[in-house]
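Understanding the architecture of this molecule
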Amino acid sequence: MIVRPLEIDDFPAFLDIQREALVQAPEVFGSDYDWFEGLSILSKEQRYERYLNYPYQYMLGAVDEDGQIVAMIGYSGNETSKLRHKGRIWGLYVRTGARGKGLATTLVKSVLEGAREVLGVEQVQLAVSTQNVATYGLYLRLGFTVYGTEVGAMKIGSSYVDEYLMSKHLV
Ligand SMILES: CC(C)(COP(=O)(O)OP(=O)(O)OC[C@H]1O[C@@H](n2cnc3c(N)ncnc32)[C@H](O)[C@@H]1OP(=O)(O)O)[C@@H](O)C(=O)NCCC(=O)NCCS
């Protein structure tokens, strides 16, 4: 298993895990399955390419020996002077068959390490569904604390999903 930033050649493998994530965990990604599947392949690729700007904006993947992405996490930093002390984690997803082996923990720790050591980021933020007890617990164990709650952060069908806004100070 290798943990590395995703590259342009990983696009087909990314589509695979993205599809699974949108079906299995619709509350994780802002996009939804029907909308995503309706996009042209060119549009999907253009959207993907926007996240290939390491170390500012990237997706980190845990890639197995067959080249399949079994887990991923997104990171968005800021380049402007007023905002570059902050970064944001999003889209943490571990394939069902790869769970319980510490991959999520490894990915979050890798992002935090890169943010602090490569970019000098002081604070990493994220949002997690208030119903997502497992992930909320994982972030608490990694030192994140809640600084707010967004009520109705997402609407899935006719149900609203509230999110805890969490942050971790790195210095
Ligand atoms: C939540 C998720 C990312 C965990 O991935 P993982 O690789 O299995 O997690 P890890 O093996 O690193 O486990 C981290 C910790 O969480 C705990 N944990 C993981 N899944 C759990 C679950 N379903 N219920 C309770 N605890 C759980 C582990 O026991 C471990 O605890 P420890 O640090 O005390 O040993 C994965 O189940 C997933 O992708 N879920 C669907 C998408 C999702 O919810 N993403 C997060 C959006 S913010």
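Notes on the structure follow. Here the residue numbers are simple positions, counted from 1 along each chain's written sequence. Reporting in this predicted model follows two pLDDT cut-offs: at least 70 for local features of residues, and 80 or more for side-chain atom pairs to be given and counted; totals over whole chains, interfaces and linings ignore these cut-offs and use all residues. To get the side-chain values, take all heavy atoms of the structure and skip hydrogens and water.

Describing the pairing of strand β7 (residues 159-169)
Inspection of the sheet shows strand β5 (residues 123-129) paired to β7 by 7 bridges, in the antiparallel sense. Bridging across to β7, Gln125 finds its partner in Ser167. Two strands are said to pair when DSSP picks up at least two bridges between them. Put simply, DSSP marks the helices as runs of H or I at least four residues long and the strands as runs of E at least two long, and each gets a number from the N terminus on. Across 8 bridges, the pairing between strand β6 (residues 145-156) and β7 is antiparallel. For Val146, the partnering residue across the bridge sits in β7 and is Met166.

Focus on the site of the ligand
What surrounds the ligand is a group of 18 residues, the closest being Leu92, Gly100, Gly102, Thr105 and Asn132. The side chain of Arg141 places a nitrogen or oxygen atom 3.0 Å from an oxygen atom of the ligand. Calculation of accessible area relied on Shrake-Rupley with a 1.4 Å probe; when residues are assessed, cover is drawn exclusively from the protein chains displayed. Burial of the ligand by the protein amounts to 65% of the accessible area it has alone, namely 920 Å². Taken together, the elements giving at least two residues each to the shell around the ligand come down to β4 (86-94), α4 (103-119) and α5 (133-141). Of all the elements, α5 adds the most residues to the shell around the ligand, at 4 residues. Note on residue classes: Ala, Val, Leu, Ile, Met, Phe, Trp, Tyr, Cys and Pro are nonpolar, Asp, Glu, Lys and Arg are charged, and everything else, Gly too, is polar. When grouped by side-chain class, the residues that make up the shell around the ligand number 10 nonpolar, 5 polar and 3 charged. Any residue with a non-hydrogen atom lying within 4 Å of a molecule or strand is treated as near it. Any pair of nitrogen or oxygen atoms within 3.5 Å is treated as a polar contact; in protein, a donor-acceptor pairing is required on top of that, and neighbouring residues in sequence qualify only through side-chain atoms on both sides.

Some points on helix α3 (residues 41-49)
Residue exposure (1.4 Å probe, protein chains only): buried if accessible area is under 20% of the type maximum, exposed if over 50%, otherwise partly exposed. Within α3, the full set of buried residues consists of Ser43, Lys44 and Tyr48. Across the axial projection of α3, the buried residues extend over an arc of 140 degrees, all falling on one side. Among the structural elements, α1 (11-24), α2 (33-38) and β2 (57-63) are those in contact with the buried residues of α3. Arc, as used here, means the arc of the directions from the helix axis to the C-beta atoms. Contact between two residues is taken to exist if any of their heavy atoms lie within 4.5 Å; hydrogens are not considered.

Overview of the side chain of Ser129
Along the chain, the position of Ser129 falls in strand β5. The class for Ser129 is buried, based on a relative accessible area of 4%. Looking at Ser129, its side chain comes within polar contact range of the main-chain nitrogen of Gln131, at 3.0 Å. Setting aside chain neighbours within four positions, we find Ser129 in contact with Glu27, Val161, Asp162 and Glu163.

Re the sheet that holds strand β3 (residues 69-76)
Read across the open sheet, the 7 strands follow the order β1-β2-β3-β4-β5-β7-β6; overall the sheet is mixed. The sheet is open, and its two borders are formed by β1 (2-5) and β6, each paired with just one other strand. Put simply, the sheet's adjacent strands are angled 25 degrees from each other on average, direction ignored. On the sheet, α1 packs against β2, β3 and β4 and is oriented at approximately 85 degrees with respect to β3. For helices, the axis comes from a line fit to the C-alpha atoms of the stretch in contact; other axes are also lines fit to C-alpha atoms, and the angle between any two N-to-C directions lies between 0 and 180 degrees.

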